[in-house]
Amino acid sequence: MTGTMQALYDYTLENRFTAFLTGRDYAEADSLAEALLNALRGKLPQPQRERLDRLSDALMEQRALGLEAMFQAAWSVAREV
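Quick caveat, the model's predicted, so the values are computed rather than measured.

Student: Sorry, what's going on with the overall build of the protein here?
Tutor: Helix and strand content of the protein: three helices and zero strands. For the protein, the α and β elements follow one another from N to C terminus as α-α-α. In terms of overall size, the protein is more extended than a compact globule, its C-alpha atoms giving a radius of gyration of 17 Å where 81 residues would be expected to give roughly 12 Å. Reported as C-alpha extents along the three principal axes, the dimensions of the protein are approximately 50 × 30 × 20 Å. Relative to its full complement of 81 residues, the protein shows a buried share of 6%. A total accessible area of about 6600 Å² is found for the protein, and carbon and sulfur atoms account for 59% of it.

Student: Help me out: how do you make sense of the pattern of salt bridges in this one?
Tutor: Two side chains carrying opposite charge are able to pair once their charged atoms lie near each other. If you walk through the whole model with that rule in mind, you get two salt bridges. Of the charged contacts in the structure, one is a salt bridge between R24 and E28, with a shortest N-O distance of 3.3 Å. Of this pair, R24 and E28 are both found in helix α2 (residues 24-43), four residues apart, which corresponds to roughly one turn of the helix. The salt bridge involving D53 is made with R41; its shortest N-O contact spans 2.8 Å.

Student: Would you mind showing me how to read the packing of helix α1 (residues 3-15) against helix α3 (residues 46-80) here?
Tutor: Helix-helix packing: each pair is described by the crossing angle between the helix axes and the interaxial distance. In the contact formed by α1 and α3, the axes pass within 11 Å of each other and the chain directions differ by 115 degrees. In this structure, α1 meets α3 at a crossing whose hand is right-handed. The segment α1 lies against α3, with M5, L8, Y9 and T12 engaging A64, L67, E68, F71, Q72 and W75. Its residues assigned to classes, the contact of α1 with α3 comprises seven nonpolar, two polar and one charged.

Student: I'm lost on the confidence of the model for the protein in this one. Help?
Tutor: Atomic detail in the predicted coordinates should be set aside for any region of low pLDDT. Model confidence for the protein is summarised by a mean pLDDT of 94, while 100% of its residues fall at 70 or above. By mean pLDDT, the top-scoring element of the protein is α2 (96), and the lowest-scoring one is α1 (92).

Student: What exactly am I supposed to notice about the packing of α2 against α3 here?
Tutor: Packing of α2 against α3 brings their axes to within 10 Å, and their N-to-C directions diverge by 155 degrees. When the axes of α2 and α3 are compared, the pair comes out roughly antiparallel. Contacts between α2 and α3 involve Y26, L37, L40 and R41 on the former and, on the latter, R49, L52, D53, S56 and R63. Its residues placed into classes, the contact of α2 with α3 shows four nonpolar, one polar and four charged.

Cut-offs used in this document
- Residues numbered from 1 in each chain as written.
- Predicted model: local features only at pLDDT ≥ 70, side-chain atom pairs only at ≥ 80, totals over all residues.
- Heavy atoms only, no water.
- Helix = DSSP H or I, 4+ residues; strand = E, 2+ residues; numbered from the N terminus.
- Rg over C-alpha atoms; globule rule 2.2 N^0.38 Å.
- Buried < 20%, exposed > 50% of the residue type's maximum accessible area, 1.4 Å probe, protein only.
- Areas by Shrake-Rupley, 256 points an atom, 1.4 Å probe, with all protein chains shown as cover.
- Salt bridge = Lys/Arg side-chain N within 4 Å of Asp/Glu carboxyl O.
- Axes fitted to C-alpha atoms, helices over the stretch in contact; angles between N-to-C directions.
- Left-handed = near helix turned anticlockwise from the far one by under 90°.
- Contact = heavy atoms within 4.5 Å.
- Nonpolar A, V, L, I, M, F, W, Y, C, P; charged D, E, K, R; others polar.
- pLDDT = per-residue confidence, 0-100.
- Parallel < 35°, antiparallel > 145°, perpendicular 65-115°, else oblique.

Here you go:
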């Protein structure tokens, strides 16, 4: 991303993004995922819990990269209009 795009992305992520995560579907999915992750984490011995945490971190990084790609795609489409 260019510096300008990065600044817009950072601003959007910090100031606007969460306003669009207010739907019931998102809240339910988030709660379910958190509950399942915590239940699994609670049943695992320490070495496996550490692996689960590393997997969770990797998935969060993947999600962040996906959000950046979606932002870039939306930016590209907006410029074409």
